[in-house]
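Breakdown of the fold
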Amino acid sequence: MKIDDSVTTKTLLEIDKNIDALVKQIELLSYVNPTNIEEEKARFFASKYLTDPIFKYPNINFDKFKLHRKLFTQPIERIEDEDVRNLYEDVIYTYSGLIQCIENIGNGKDFYFNSLHCFGTPTENDVENAKFILHFEDENRELEQFQPKYSAKDSEIFFKEFSKKYNFDYHIEYSDKISAIAMVLNNVKTLVLNTNHTYSENEIAVLTNHEIGVHMVTTMNGLLHPLKIFSHGLPNNEETQEGLAVFSEYMSNNLTVTRLKELAYRVIAVDSLAKGYPFSRTFRLLHNQYDLDRESAFYITIRAHRGGGFTKDYLYLSGLKKVYDYYHSGKDLSLLLTGKVSIEYAQDIKSLIKKGYAVPAKHITDSYAENKNANKKVDFILRSLK
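Residues numbered from 1 in each chain as written. Predicted model: local features only at pLDDT ≥ 70, side-chain atom pairs only at ≥ 80, totals over all residues. Heavy atoms only, no water.

Quoted straight from UniProt, the Cofactor (unreviewed entry) entry for the protein says "Zn(2+)". (UniProt positions renumbered as here; feature names shortened; annotations may be inferred.)

Below is the structure:
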């Protein structure tokens, strides 16, 4: 359906364009990753896990107050369609919350409370689900597919080969200053690989399906709409986006019990924030009480405590369960691939497509074509989650 050129539509597109220009500067993951991880890891281990790391963060290169002001002076009251107007009101509040997160990175509780506002915190069910998963035994880690083999530079060829399935281009960069082993920066269409990590065959299979098959797919689809909010993200999109990405691991038969346990440990780590645990106590909870090796425990603890308390990590597991149930109820996953969108706004997305303000997904996650999961234990776990 072709978009009309009425005054009403022009007003909406102008507001959307203004918001797009403002929020291009907001990429939370660009700011919340410490720049001195390895140095602080050595210091923390030398202290016998007692002295909390002191992390440094990148400088913020935008005027925070001016950005807030320009967001809230957008004349959304001129959007005549009530549903669309309400959506943009939600969007503005969401982006404002992200700006507040960024401006408080490294400020302890101030950042933590803004993170709570943006991402929430694990419910009792989330924590119970995590503890349920941790009762299961890992796969045999001695198998060839789990052995570290490839440097970040060596791994690039696998991502490029996998990406031939899709009709889009993106950049690959390297960093020794990220807490994840790989991530997609949406605003600059870039995959970042961690040069401190040596990748196994299983990790490459997981990451290609997760980072390229979903995160890059939704990045590219988001750029195709008349409305640019699909590119920057609808409210609460993180849970759905991470759920879709892990679900791609599942559909491609790469989701393991070990990987599910990693997501469960993240829930436990974020829950420890709500209980007021400092970095060292969260680490010791994972390493001593749950017998997680110290390298993994350190990086999961960083992910939760970076910035002052980053609660987003618990959403991977809850998002996976929601997407798993969504798929098995027979609903259309392609609707959730239209951009950085969330399940809660599924009807809004359909409505925007019908009105010509959005388009159906062009790029579809390759693994979603056929359920290749053969891991019955993983299926049992996912079915059993509350």
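A short note on the pairing of strand β2 (residues 182-185)
Side-chain alternation along β2 places Ala 182 and Val 184 on one buried face and Met 183 and Leu 185 on a second face that is also buried. Pairing of β2 with strand β3 (residues 190-194), which is carried by 4 bridges, proceeds in the antiparallel orientation. Looking across to β3, one finds that Met 183 is bridged to Val 192. Taken together, β2 and the strand that follows it, β3, pair antiparallel across an intervening segment of 4 residues, in which Lys 189 is found at a positive phi of about 50°. (Buried < 20%, exposed > 50% of the residue type's maximum accessible area, 1.4 Å probe, protein only. Helix = DSSP H or I, 4+ residues; strand = E, 2+ residues; numbered from the N terminus. Pairing = 2+ DSSP bridges.)

As for unusual backbone geometry
For Asn 236, which is not a glycine, the phi torsion comes out positive at approximately 60°. By secondary structure assignment, the location of Asn 236 is in the loop between α10 (229-232) and α11 (237-251). The backbone of Asp 291 sits at a positive phi, close to 60°, despite the residue not being glycine. Asp 291 sits in the exposed class, given a relative accessible area of 65%.

Examining the packing of helix α13 (residues 279-289) against helix α14 (residues 294-305)
Where α13 meets α14, the closest approach of the two axes is 9 Å, and the angle between their N-to-C directions is 140°. Here α13 lies oblique to α14, going by the angle between them. Classified by chirality, the crossing of α14 by α13 is right-handed. Two secondary-structure elements touch here, α13 through Phe 279, Thr 282, Phe 283, Leu 286 and His 287 and α14 through Arg 294, Ala 297, Phe 298, Ile 300, Thr 301, Ile 302 and His 305. Broken down by class, the residue content of the contact of α13 with α14 amounts to 7 nonpolar, 4 polar and 1 charged. (Axes fitted to C-alpha atoms, helices over the stretch in contact; angles between N-to-C directions. Parallel < 35°, antiparallel > 145°, perpendicular 65-115°, else oblique. Left-handed = near helix turned anticlockwise from the far one by under 90°. Contact = heavy atoms within 4.5 Å. Nonpolar A, V, L, I, M, F, W, Y, C, P; charged D, E, K, R; others polar.)

So, the packing of aromatic side chains
For the structure on display, the rule yields 29 aromatic pairs. For the pair Tyr 150 and Phe 158, a centre-to-centre distance of 4.8 Å together with 65° between the ring planes defines the contact as edge-to-face. When its relative accessible area of 31% is taken as the criterion, Phe 158 is described as partly exposed. Of note, Arg 266 hangs over the ring of Tyr 316, and the distance from its end group to the ring centre comes to 4.7 Å. Between Arg 294 and the ring centre of Phe 45, over which it is positioned, the NZ or CZ distance is 3.9 Å. (Phe/Tyr/Trp six-rings, centres within 6.5 Å; stacked < 30°, edge-to-face > 60°. Lys NZ or Arg CZ within 6 Å of the ring centre and 35° of its normal.)

Considering the sheet that holds β2
On the basis of which strands lie adjacent, the open sheet formed by 3 strands has the order β1-β3-β2 and mixed pairing. Strands at the two margins of the open sheet, each flanked by one partner only, are β1 (171-175) and β2. Ignoring strand direction, the axes of neighbouring strands in this sheet form an average angle of 25°. Sheet topology places β1 next to β3; 5 bridges connect them, and they run parallel. When the sheet's bridge partners are listed, Ser 175 is paired in β3 with Asn 194. Contacts from helix α8 (residues 152-162) reach β1 and β3, with the element oriented near 160° to β1. Across the face of the sheet, helix α9 (residues 201-222) comes into contact with β2 and β3 while running at roughly 5° to β2.

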